[in-house]
Structures are given as C-alpha cells and as structure tokens.
Amino acid sequence: MRVAIERLFGWDQAHQEASFAGWFNPDEVNIIVASGVDVGWIQQREDGGAIFLGSIYVTPQMQGKGIGTRVIQRLLDLGRQRSQPVTLAVMKINPAIALYKRLGFQITHEDEYKLYMKADSTENLNVPS
C-alpha cells in the first residue's frame, strides 16, 4: 500500500508506524500458507454483528494465483455459516476493488479516500468456484 499512500498523502515513516501500531492486532491475524510456505496474512474481527476484513496481504510473487480469492471465499463462507455479513474498507485506488465486487461485495458508502463494502450472508453471493 506504500505506493498508494505516497501518491495520496506523501510518506511519513513515523506516522505510518504509529498508524500501523494503532490498527494492527496480532490476535486478529492468521498467516496464509500455500504449499507449506507462508505467503501472506489476513486480519479479521467481529465488528457490530459483522465480520470485518481489516487487511489481506499476499506476497507480490504469489499474487495473481487465486490465493487471495480462496481466502476471502472462506471468510464469506464463515459469514454465511454465522449468518453475518462480511464488511471491509478499501482505498479507492486499490485494484482489489474489482476482486471484491466479483466476490459479491457491494459498496455501502464512501468517503474521500475509501469505499466501504459489504457482502451480505443472506444474499446469493457471486462466488466463483
């Protein structure tokens, strides 16, 4: 996300470290493993009756292989099992928006920099197999 943050705000290392420390909670994080190798991480939490996808990161060399799609599909399955929607916030310039839409997320609202999205567990989600 550094490129996007630099483009929008400029980069302030101290500010970014403080910001990260404020929202990153190791208790909410799971490591993404593919073929026995750590390839990323996902942060999620319960938030007001929903499952909030805080962050998902797949290493650049493993992107484009369907790993993030499968991980988000599992999160959507969990939401359906619990009858809870899955929500997220994404920077407007993040190309992952197309993935989220393809997986059934819809924009609920936006601010200057972010889109807020939700996949409702009661709806027929457009989840590819």
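Report follows, based on the coordinates.

1. A word on the overall build of the protein chain
Okay, so step 1: Scanning the protein chain from N- to C-terminus turns up 4 helices and 6 strands.
Okay, so step 2: The secondary structure elements of the protein chain, listed N-terminal to C-terminal, are α-α-β-β-β-α-β-α-β-β.
Okay, so step 3: In the protein chain, which comprises 129 residues, the proportion classed as buried is 38%.
Okay, so step 4: Intrachain contacts of the protein chain at a sequence separation of at least 6 include 47% that bridge at least 24 residues.
Okay, so step 5: Carbon and sulfur atoms provide 50% of the accessible area of the protein chain, an area that totals close to 8,100 Å².

2. Quick word on the layout of surface pockets
Okay, so step 1: Roughly 340 Å³ of volume is contained in the second largest pocket.
Okay, so step 2: The element contributing the most residues to the lining of the second largest pocket is helix 3 (residues 67–82), with 8 residues.
Okay, so step 3: Its residues assigned to classes, the lining of the second largest pocket shows 9 nonpolar, 3 polar and 3 charged.

3. A short note on the sheet that holds strand 2 (residues 37–47)
Okay, so step 1: Spatially, 6 strands are ordered 1-2-3-4-6-5 in an open sheet, and the strand pairing comes out mixed. Only two strands of the sheet have a single partner each, and these edge strands are strand 1 (29–34) and strand 5 (106–110). Strand after strand, the sheet turns through a mean of 30 degrees between neighbouring axes, direction not considered.
Okay, so step 2: Taken together, the 4 bridges between strand 5 and strand 6 (residues 114–119) define a ladder with antiparallel strand orientation. The partner of Ile-107 across the bridge, within strand 6, is Met-117.
Okay, so step 3: On top of the sheet, helix 3 reaches strand 1, strand 2, strand 3 (50–58), strand 4 (86–91) and strand 6; it is set at about 170 degrees to strand 3, its chief contact.

4. Re the nonpolar core
Okay, so step 1: Grouped together as the largest cluster of nonpolar side chains are 24 residues, with contacts concentrated most on Ile-72, Tyr-100 and Phe-105.
Okay, so step 2: Taken together, the elements giving at least two residues each to this core come down to strand 1, strand 2, strand 3, helix 3, strand 4, helix 4 (96–102) and strand 6.
Okay, so step 3: Here the element with the most residues in this core is helix 3; it accounts for 5 residues.
Okay, so step 4: Ignoring anything within four residues of it in the chain, the contact list for Phe-105 reads Ile-72, Leu-76, Val-86, Leu-88, Tyr-100, Met-117, Lys-118 and Ala-119.

5. As for the side chain of Glu-28
Okay, so step 1: Among the secondary structure elements, Glu-28 is positioned in the loop between helix 2 (13–23) and strand 1.
Okay, so step 2: Put simply, Glu-28 is tucked away with no salt bridge, and the nearest opposite charge, on Arg-45, sits 4.2 Å away.
Okay, so step 3: Filtering out sequence-adjacent residues up to four positions away, Glu-28 remains in contact with Ile-42, Gln-43, Gln-44 and Arg-45.

6. Remarks on the pairing of strand 1
Okay, so step 1: The sheet contact formed by strand 1 and strand 2 spans 6 bridges and is antiparallel. The partner of Ile-31 across the bridge, within strand 2, is Trp-41.
Okay, so step 2: The turn joining strand 1 and strand 2, which pair antiparallel and follow one another in sequence, is formed by 2 residues; a positive phi near 50 degrees is taken by Ser-35.

Parameters at a glance
Residues numbered from 1 in each chain as written. Predicted model: local features only at pLDDT ≥ 70, side-chain atom pairs only at ≥ 80, totals over all residues. Heavy atoms only, no water. Helix = DSSP H or I, 4+ residues; strand = E, 2+ residues; numbered from the N terminus. Buried < 20%, exposed > 50% of the residue type's maximum accessible area, 1.4 Å probe, protein only. Contact = heavy atoms within 4.5 Å. Areas by Shrake-Rupley, 256 points an atom, 1.4 Å probe, with all protein chains shown as cover. 1 Å grid on protein atoms, 1.4 Å probe; cavity = no way out; pocket = protein on both sides within 12 Å on 5 of 7 lines; lining within 4 Å. Points joined across faces, edges and corners; volume = space filled by probe spheres on them. Nonpolar A, V, L, I, M, F, W, Y, C, P; charged D, E, K, R; others polar. Pairing = 2+ DSSP bridges. Axes fitted to C-alpha atoms, helices over the stretch in contact; angles between N-to-C directions. Core = buried A, V, L, I, M, F, W, Y, C linked by side-chain atoms within 4.5 Å. Lys, Arg positive; Asp, Glu negative; His and termini not counted. Salt bridge = Lys/Arg side-chain N within 4 Å of Asp/Glu carboxyl O.

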